[in-house]
Amino acid sequence: MDRLNERAELMGRMLRTIDAMKSVPTGLHANIELRSAAIRCINCRETEACRQWLDSHEDGAEAPMQECPNAHLFKNWLES
C-alpha cells in the first residue's frame, strides 16, 4: 500500500506541476487511460528522479519529465 500511495502522490504532483489536472478526460475511456497510467507509474524505476524533478519544478513546467512513462499521455491530455 505504501508504494501505491507514493506513486499516486507522485502522479498527482506531476499532473499539478504541468497543469494537466483540468485536462484529465472523463468517462469510460478515461478510466482505462487513468488505470494504465497508474500501472505505468507503479512500475516505473525512475521514482527518485521523478521526485527530484518535481522538487525542482515547484513553480510548474510546460511538460512532464522526459523519462516519465506517462509523458506522452500527459502531453496528449494537455493538447486536448
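Anyway, here's the lowdown on the structure attached to this text. All values derive from a computational prediction rather than experimental measurement.

Below, the discussion takes up the pattern of salt bridges. For the structure on display, the rule yields 6 salt bridges. The residue R13 makes a salt bridge to D55 at a minimum N-O spacing of 2.8 Å. Of this pair, R13 sits in helix 1 (residues 2-17) while D55 is found in helix 3 (residues 47-56), placing the two residues 42 residues apart along the sequence. The partner of D19 in a salt bridge is K22, with the nearest N and O atoms 2.4 Å apart. For D19, a relative accessible area of 47% gives the class partly exposed. By sharing partners, the salt bridges in this structure join E6, R7, E48 and R51 into a single network.

On to the nonpolar core. Note on soluble globular proteins: their nonpolar side chains tend to be buried together. If you look at the biggest cluster of nonpolar residues, it comprises 18 residues, and the most contacted ones within it are M14, I18, C50, W53, L54 and F74. Of all the secondary-structure elements, those providing two or more residues to this core are helix 1, helix 2 (28-43), helix 3 and helix 4 (71-79). Excluding residues within four positions of it along the chain, L54 makes contact with L10, R13, M14 and T17.

Quick look at empty space enclosed by the protein now. Tallying each qualifying case throughout the model produces 1 cavity of 30 Å³ or more. Each pocket or cavity is described by its volume, and for the largest cavity that value is around 130 Å³. If you trace the largest cavity, you find 14 residues lining it, with C41, C44, C50, C68 and P69 closest to the centre. Within the residue set of the lining of the largest cavity, elements represented by two or more residues are helix 1 and helix 3. Looking at the lining of the largest cavity element by element, the count peaks at 4 residues for helix 1. Looking at side-chain class alone, the lining of the largest cavity contains 10 nonpolar, 2 polar and 2 charged residues.

The rules behind these values
Residues numbered from 1 in each chain as written. Predicted model: local features only at pLDDT ≥ 70, side-chain atom pairs only at ≥ 80, totals over all residues. Heavy atoms only, no water. Salt bridge = Lys/Arg side-chain N within 4 Å of Asp/Glu carboxyl O. Helix = DSSP H or I, 4+ residues; strand = E, 2+ residues; numbered from the N terminus. Buried < 20%, exposed > 50% of the residue type's maximum accessible area, 1.4 Å probe, protein only. Core = buried A, V, L, I, M, F, W, Y, C linked by side-chain atoms within 4.5 Å. Contact = heavy atoms within 4.5 Å. 1 Å grid on protein atoms, 1.4 Å probe; cavity = no way out; pocket = protein on both sides within 12 Å on 5 of 7 lines; lining within 4 Å. Points joined across faces, edges and corners; volume = space filled by probe spheres on them. Nonpolar A, V, L, I, M, F, W, Y, C, P; charged D, E, K, R; others polar.

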